[in-house]
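Below are the chains, spelled out letter by letter.
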Amino acid sequence: MNPVYEREIVSIILYTSIFFIILVVVLIMFFYYSRKKIIQKEFEKKDLEILHQKEQLRAVIITQEEERKRIAQDLHDDISSKLNIVSLNSHLLKTPNLTDKETLEITGNIIELTAKALENTRRIAHDLLPPVLDKFGLHAGVEELCSEFNSSQAVEVNYQNNLVFDEVDKERHLHVFRILQELMNNSLRHGKASKISISFEENEKGQCCRYTDNGVGFDLSDKKNQNGLGMKNIESRVDFLNATLMVDSSIGKGFTALLNF
């Protein structure tokens, strides 16, 4: 064989081998850095999830602390103060030479103050866990909640229910109730709504609750609206339920929410 021809063949084989080696190295480097980027993005996603969970936990803790402060304030202002006056009036009954009129007046004060203390105690207990919800379920609880808002004459609430709620899910229903309670308070305080509509129904995902108001609405792209304490508290309950919440709103267009639970 011609030596020149042999050298050409060797050169072709050598360059081809070098080309394939370089190609393999490039592919290895490409897959290595691609995998590295994927792993990095997964870590970033996990970090964001952890941060989101921390924010939700913080919102829950803040909400709980505010609720504790409110209850403590109610107990101090409404219950403790009235019981102190009841105690003082009880000691007055020990005063010698009291007339019948004075005795009746002191006794009347004790009865009136005790009745008010009992009424305030029931109100505080109702705020913590509405007895209608506990005894008769979600439908009755939401009916009573809507009736309370309607009685204020500040807003008109339309409520419809096409579901039968399972008593076994009472704990889950409490979270649904609290979500609705928060949404209604937001509609009234921040949305300045005059009409609210709530309906429970079945859809392709299962049970859902549709909520709308005719309030002033807000800009969903504004993170301040997304990260408010009320919304964080709602999101934490939605996560606890392993549910989904889709909201829609814009300035002057009211507010709409769909809770699939």
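Whatever comes next refers back to the structure up there.
Let us look at the structure shown here.

Description of the packing of helix H4 (residues 138–151) against helix H5 (residues 170–189)
Step number 1: Between H4 and H5, whose axes approach to 10 Å, the crossing angle comes to 15 degrees. Regarding the angle of H4 to H5, the classification is roughly parallel. For the pair H4 and H5, the crossing hand works out as right-handed. Where H4 abuts H5, its residues Leu 138, Gly 141, Val 142, Leu 145, Cys 146 and Phe 149 lie against His 173, Val 176, Phe 177, Leu 180, Gln 181, Met 184, Asn 185 and Leu 188.
Step number 2: Taken together, the residues that form the contact of H4 with H5 break down as ten nonpolar, four polar and no charged.

Describing the sheet that holds strand E2 (residues 195–203)
Step number 1: Taking strand neighbours across the sheet as the criterion, the five strands line up as E1-E2-E3-E5-E4 in an open arrangement whose pairing is mixed. Edge strands, defined here as strands with exactly one partner in the open sheet, are strand E1 (156–161) and strand E4 (244–249). Neighbour-to-neighbour, the strand axes of this sheet turn through a mean angle of 10 degrees, independent of strand direction.

Structural notes on H5
Two residues of an α-helix separated by three or four positions point the same way, owing to the 3.6 residues in each turn.
Step number 1: For H5, built from 20 residues, the straight-helix expectation of 28 Å at 1.5 Å per residue is met to within 8% by its first-to-last C-alpha distance of 28 Å.
Step number 2: Within H5, burial applies to His 173, His 175, Val 176, Phe 177, Arg 178, Ile 179, Leu 180, Glu 182, Leu 183, Met 184, Asn 186 and Ser 187.

As for unusual backbone geometry
The phi torsion of most residues other than glycine is negative, and most of the peptide bonds are trans.
Step number 1: Its identity as a non-glycine residue notwithstanding, Gln 153 has a phi of 60 degrees, on the positive side.
Step number 2: Within the secondary structure, Gln 153 sits in the loop between H4 and E1.
Step number 3: Residue class for Gln 153 comes out exposed when judged on its relative accessible area of 73%.
Step number 4: Of note in this structure, Lys 192 is not a glycine but carries a positive phi near 55 degrees.
Step number 5: Turning to its location among the elements, Lys 192 is positioned in the loop between H5 and E2.
Step number 6: Here Lys 192 falls in the exposed class, since its relative accessible area comes to 59%.

So, the pairing of strand E5 (residues 255–260)
Step number 1: Along E5, five of the six residues are buried, which leaves the element largely enclosed by surrounding structure.
Step number 2: Here strand E3 (residues 206–213) pairs with E5 via six bridges, running antiparallel. Paired with Arg 210 across the bridge in E5 is Leu 258.
Step number 3: Two elements, E4 and E5, share six bridges in a ladder whose sense is antiparallel. Residue Val 247 lies in a different strand from E5, and its bridge partner there is Ala 257.
Step number 4: Where E4 folds back on E5, the antiparallel hairpin that results is connected by five residues, among which Gly 252 adopts a positive phi of roughly 80 degrees.

Points about empty space enclosed by the protein
Step number 1: On inspection of all chains with the given rule, the structure shows one cavity of 30 Å³ or more.
Step number 2: The wall of the largest cavity is formed by Ile 179, Leu 180, Leu 183, Cys 209, Tyr 211, Leu 245, Ala 257 and Leu 259.
Step number 3: Of all the secondary-structure elements, those providing two or more residues to the lining of the largest cavity are H5, E3 and E5.
Step number 4: No other element matches the three residues that H5 contributes to the lining of the largest cavity.
Step number 5: Within the lining of the largest cavity, the residues separate by chemical class into eight nonpolar, no polar and no charged.

Notes on the pairing of E3
Step number 1: Bridge analysis of E2 against E3 gives eight bridges, and the strand direction is antiparallel. Bridging from a neighbouring strand, Glu 202 pairs with Gln 207 of E3.
Step number 2: The hairpin formed by E2 and E3 contains two residues between the paired strands.

Quick notes on the nonpolar core
Step number 1: Membership of the largest hydrophobic core comes to 31 residues, with the highest contact counts inside it found for Met 184, Ile 198, Phe 200 and Tyr 211.
Step number 2: Of all the secondary-structure elements, those providing two or more residues to this core are H4, E1, H5, E2, E3, helix H7 (229–240) and E5.
Step number 3: A total of six residues in this core trace back to one element, the largest contributor, which is H5.

Focus on H4
Step number 1: When the terminal C-alpha atoms of H4 are compared, their 20 Å separation across 14 residues agrees well with the 20 Å that a helix rising 1.5 Å per residue should span.
Step number 2: Elements that come into contact with the buried residues of H4 comprise helix H3 (131–136), E1, H5 and E2.
Step number 3: Gln 153 sits one or two residues past H4 and shows a positive phi near 60 degrees.

Observations regarding the pattern of salt bridges
Step number 1: Going through the model one piece at a time under the given rule, you end up with three salt bridges.
Step number 2: Ionic pairing is found between Lys 170 and Glu 167, a salt bridge with its closest N-O pair at 3.8 Å.
Step number 3: For Lys 170, a relative accessible area of 33% puts it in the partly exposed group.
Step number 4: Residue class for Glu 167 comes out partly exposed when judged on its relative accessible area of 45%.
Step number 5: Here Arg 210 ties to Glu 201 by a salt bridge, and the two come within 2.7 Å at their closest N and O atoms.

Conventions and cut-offs
- Residues numbered from 1 in each chain as written.
- Predicted model: local features only at pLDDT ≥ 70, side-chain atom pairs only at ≥ 80, totals over all residues.
- Heavy atoms only, no water.
- Axes fitted to C-alpha atoms, helices over the stretch in contact; angles between N-to-C directions.
- Helix = DSSP H or I, 4+ residues; strand = E, 2+ residues; numbered from the N terminus.
- Parallel < 35°, antiparallel > 145°, perpendicular 65-115°, else oblique.
- Left-handed = near helix turned anticlockwise from the far one by under 90°.
- Contact = heavy atoms within 4.5 Å.
- Nonpolar A, V, L, I, M, F, W, Y, C, P; charged D, E, K, R; others polar.
- Pairing = 2+ DSSP bridges.
- Expected span 1.5 Å × (residues − 1).
- Buried < 20%, exposed > 50% of the residue type's maximum accessible area, 1.4 Å probe, protein only.
- 1 Å grid on protein atoms, 1.4 Å probe; cavity = no way out; pocket = protein on both sides within 12 Å on 5 of 7 lines; lining within 4 Å.
- Points joined across faces, edges and corners; volume = space filled by probe spheres on them.
- Core = buried A, V, L, I, M, F, W, Y, C linked by side-chain atoms within 4.5 Å.
- Salt bridge = Lys/Arg side-chain N within 4 Å of Asp/Glu carboxyl O.

That's the geometry; what it means functionally is another story.
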